[in-house]
Amino acid sequence: MWHILPSLLLSISLGLSWNRFLLTFTSRSEPLQNQMPVTMVAAAVSLSALALSVADKGLLLGGMLVLLGLALATISKSLPHPVIIVGLSAVSLAAYLQFTLHAL
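As the structure is a computational prediction, the values presented were derived from the model and not from experiment. The residue numbering used here restarts from 1 in each chain and proceeds along that chain's sequence as written. Only residues with pLDDT of at least 70 get local features here, since the model is predicted, and only at 80 or more are side-chain atom pairs given and counted; chain-wide, interface and lining totals rely on the full set of residues. Each side-chain value is worked out from all heavy atoms of the structure, with water and hydrogens disregarded.

Remarks on the side chain of Ser-89
Next up, step 1: Each helix corresponds to a stretch of at least 4 residues labelled H or I by DSSP, and each strand to a stretch of at least 2 residues labelled E; elements are numbered beginning at the N terminus. Of note, Ser-89 is situated in helix α4 (residues 82–103).
Next up, step 2: Three labels apply to residues, based on accessible area from a 1.4 Å probe with only protein chains included: buried if under 20% of the type maximum, exposed if over 50%, partly exposed otherwise in between. Exposure remark for Ser-89: the relative accessible area of 0% places this residue in the buried category.
Next up, step 3: Any pair of N or O atoms that falls within 3.5 Å is considered a polar contact. Within protein, one atom must be able to donate a hydrogen and the other to accept it, and sequence-neighbouring residues count only if both atoms are side-chain atoms. Among the polar contacts listed, one links the side chain of Ser-89 to the backbone oxygen of Ser-13, at a separation of 2.5 Å.
Next up, step 4: Apart from residues lying up to four places away in sequence, Ser-89 is in contact with Ser-13, Leu-16, Ser-17 and Val-45. Whether two residues are in contact is decided by their heavy atoms, any of which lying within 4.5 Å being enough.

Written out as structure tokens, the structure is:
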């Protein structure tokens, strides 16, 4: 069970930050400009989670983790409070990094 947890944390990190990251490319509205720091953190977290998924887990398992994260992104699209969602995403990525450091 514990060996699956880091992979799930990585998928959660990607899934919770992906929608906010996509706003960078799709929206130029005033609310987005007001929350640009949240969007920048979401971009860093989602790109890091995407890269770590493939680099650490390989192409097949990494691709499955990315698909799981994108499914979570679809589910979490309607959740309010983007600051909390991106914060949870960053905490999930930090927990993944902590788990993988101890695994070495």
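Structural notes on the packing of aromatic side chains
Next up, step 1: Each aromatic pair joins two rings of Phe, Tyr and Trp (for Trp, the six-membered one) with centres within 6.5 Å, and gets the label stacked for planes under 30 degrees apart, edge-to-face for over 60, and tilted for any other angle. Per the stated rule, a full pass over the model turns up one aromatic pair.
Next up, step 2: Taking 5.4 Å as the distance between ring centres and 55° as the angle between the ring planes, the aromatic pair formed by Trp-18 and Phe-21 counts as tilted. A residue pair is termed a helical-turn pair when its members lie 3 or 4 positions apart in one helix, as Trp-18 and Phe-21 do in helix α1 (residues 5–26) at three residues.

What about the packing of α1 against helix α3 (residues 36–75)?
Next up, step 1: In this analysis an axis means a line fitted to C-alpha atoms, helices contributing only their contacting stretch, and an angle means the value between N-to-C directions, from 0 to 180 degrees. The interhelical angle for the contact between α1 and α3, taken along N-to-C directions, is 135°, at an axis separation of 5 Å. With respect to their mutual orientation, α1 and α3 come out oblique. Classified by chirality, the crossing of α3 by α1 is left-handed.
Next up, step 2: Just so you know the grouping, Ala, Val, Leu, Ile, Met, Phe, Trp, Tyr, Cys and Pro go in nonpolar, Asp, Glu, Lys and Arg go in charged, and all remaining residues, Gly too, go in polar. When the residues that make up the contact of α1 with α3 are grouped by side-chain class, the tally is 21 nonpolar, eleven polar and two charged. For classification purposes, angles smaller than 35 degrees are called roughly parallel, those larger than 145 roughly antiparallel, those between 65 and 115 roughly perpendicular, and all remaining angles oblique. By definition, any crossing whose near helix is turned counterclockwise from its far helix by less than a right angle is left-handed, and any crossing with a clockwise turn is right-handed.

Re the confidence of the model for the chain
Next up, step 1: The score called pLDDT rates the predictor's confidence residue by residue, from a low of 0 to a high of 100. When pLDDT is averaged across the chain, the result is 88; 89% of the residues are at 70 or more.
Next up, step 2: For the chain, helix α2 (residues 30–34) is the element with the lowest average pLDDT, namely 66, and α3 is the one with the highest, namely 93.

A few points about α3
Next up, step 1: With 40 residues, α3 ought to run about 58 Å at 1.5 Å a step, yet its terminal C-alpha atoms sit only 23 Å apart, falling short of that.
Next up, step 2: Considering bend angle alone, the principal kink of α3 is centred on Gly-58 and spans about 135°. Expected span of a helix, by definition, is 1.5 Å for each gap between consecutive residues, and there is one gap fewer than residues. What we call the bend at a residue is the angle made by axes fitted to the seven residues finishing there and the seven residues starting there.

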